[in-house]
Amino acid sequence: MKVSWKERLGLQKRSTTVNLTEGPIAKSILMFALPLLVGQILQQFYNLADAWVIGNFADNNAFAAVSSAGSMIFLIVGLFNGIAMGGGVIISKYFGAKEEKNVIRAIHTDFFFGLVASALATIVGLITVPHILELMNTPAEVLPNSLSYFRIYFAGVSTIIMYNICMGIMRALGDSVRPLYYLLVSTITNVVLDLLFVAAFDWGVAGAATATVIAQGLSVVLCIVRMCRLTDYTRLDFRQLRFDKEIMGEILKQGLPSGIQNSVTSIGNLTVQANINSFGAFAMAGMGAFTKIEGFAFLPITCMSMSLPTFISQNLGAKQYGRAKKGAAFGITFSVIVAEILGVLIYFNGPALLRIFVETEESVLYGTTHTRILALFFFLLALTHCCAGVLRGCGKAFIPMITMLSFWCGVRVVYVTLILKVIPEFRMISWAYPLTWTLSSVVLLTILLRMDWTKAFQKKA
């Protein structure tokens, strides 16, 4: 039977929510995670488009500005995205328990929160960006490009936040396929606009930022149209948008720890980035190029850590405690193995991959140094993120928050600050990451193995 373009994009009026409480565990998780994986690959191409076009049609300073933007963006946006994750956990729990009224309340409260968060993030971003760039020791030759990029990005940051809100709601209801279609449309749009604005119009970093905002905005429109055209109780109805105090309290309880973790961890990363900046534009560009490559290795980590909270919370909501625990074990093991295989491949092919984005040998040398130190430890990063995802899925977001803040912020900042006074070499910065990944992995895995989290959740239910 022929499938129309409206059916492929999910704009037809029918529901495609998926129940993760039934069927083979491994198959359920992988089938739910597969669209997320493809979506994350598209997201990486989305990010790589900016980097590749800037790297090939602008100068090294412009590339350094764009490639070092991640920590700054996550500092502000991460808080709201973390809270949105809490919304997804609450929606999944009620959806698994088949509590239709609470699902309706949670969807509309979460969406309304996204609108408010978008306005706040825009204001905070535009006001604080110049001051943060100054505190980060941004080199004078990079600063103008950084300011231009961030001002445009945060002027349109609502598109990024609402995209994550909509994706979180759809995933919580078990629909990981439609977001993939929307991301594909958005990615193609971003690449076309990057080439148009940067290569053809010569707008530089301003063109890259503008392309990102427009393309992301298109995906948000597609999501909202889809959510409004559903015919069951999961449909988005703008007349029902409001803050439900009880539901918002649950969302904040689950999501605020993740949001605080995201933002405070970003402060630690900004401190590290400031020390990287002190080594000059070549170090910034080399690290930025590695970050683009590293993003692909993180794909199994990211998609599984996003899948596990939905799977866990749906099954705990349905009182399928044994199934939730088996799913957690499978997801963690799978992610660790795949992440390490990719880490080994990147270790041996690092220089060639770095040259895709940077041509100067000085930048490649910095990136290679960082690659050879981090790549073989990717299994620890997978272990940390997936353990944290399981804990969030069973309503214990406070534990990964404290763990990440202690090690990824506290220990990381102290280590970098002290070690550079003793050994002022770039490679010593790189060792901050495997050190803190090891500490967080040991703590979270120990807690997960010793804690009867299914029983604890059952008492709350």
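Trainee: Please explain the overall build of the protein chain as it appears in this structure.
Mentor: In terms of regular secondary structure, the protein chain is built from 19 helices and 0 strands. Scored against the burial criterion, the 461 residues of the protein chain give a buried share of 59%. Considering only intrachain contacts with a sequence separation of at least 6, the fraction spanning at least 24 residues in the protein chain is 86%. Element-wise, carbon and sulfur atoms account for 67% of the exposed surface of the protein chain, whose accessible area totals about 18500 Å².

Trainee: Which parts of the structure should I look at to understand the confidence of the model for the protein chain?
Mentor: Low pLDDT marks stretches whose predicted atomic positions should not be read closely. Summarising the model, the protein chain shows a mean pLDDT of 83, and 89% of its residues fall at 70 or more. Taken element by element, the protein chain is modelled with least confidence in helix α1 (residues 5–9), mean pLDDT 47, and with most confidence in helix α17 (residues 426–430), mean pLDDT 94. Note on residues 1–16: pLDDT under 50 across the span, and 39 contacts to partners over four residues away in sequence or across chains.

Trainee: Before we go on, may I ask you to explain helix α9 (residues 205–228) in this structure?
Mentor: A turn of α-helix holds 3.6 residues, and therefore any two residues three or four places apart point the same way. Between its terminal C-alpha atoms α9 stretches 35 Å, which fits the 34 Å expected from 24 residues at 1.5 Å a residue. Across the 24 residues of α9, 18 count as buried, placing the element largely inside the fold.

Trainee: So what exactly am I meant to see when it comes to the nonpolar core here?
Mentor: Soluble globular proteins tend to pack their nonpolar side chains together in the buried interior. Of all hydrophobic cores here, the largest spans 63 residues; its most connected members are I276, I312, I332, L374, F378 and W437. By residue number, the principal contributor to this core is helix α15 (residues 378–393), which donates 10 residues. Membership of the second largest hydrophobic core comes to 56 residues, among which are Y153, V205, L222 and I224.

Trainee: I would appreciate a short explanation of the side chain of S313 in the present structure.
Mentor: Within the fold, S313 resides in helix α12 (residues 299–317). For S313, a relative accessible area of 0% translates into the label buried. Apart from residues no more than four positions distant in its own chain, S313 is found in contact with V89, S92, K93 and G393.

Each value, and the rule that gives it
- Residues numbered from 1 in each chain as written.
- Predicted model: local features only at pLDDT ≥ 70, side-chain atom pairs only at ≥ 80, totals over all residues.
- Heavy atoms only, no water.
- Helix = DSSP H or I, 4+ residues; strand = E, 2+ residues; numbered from the N terminus.
- Buried < 20%, exposed > 50% of the residue type's maximum accessible area, 1.4 Å probe, protein only.
- Contact = heavy atoms within 4.5 Å.
- Areas by Shrake-Rupley, 256 points an atom, 1.4 Å probe, with all protein chains shown as cover.
- pLDDT = per-residue confidence, 0-100.
- Expected span 1.5 Å × (residues − 1).
- Core = buried A, V, L, I, M, F, W, Y, C linked by side-chain atoms within 4.5 Å.

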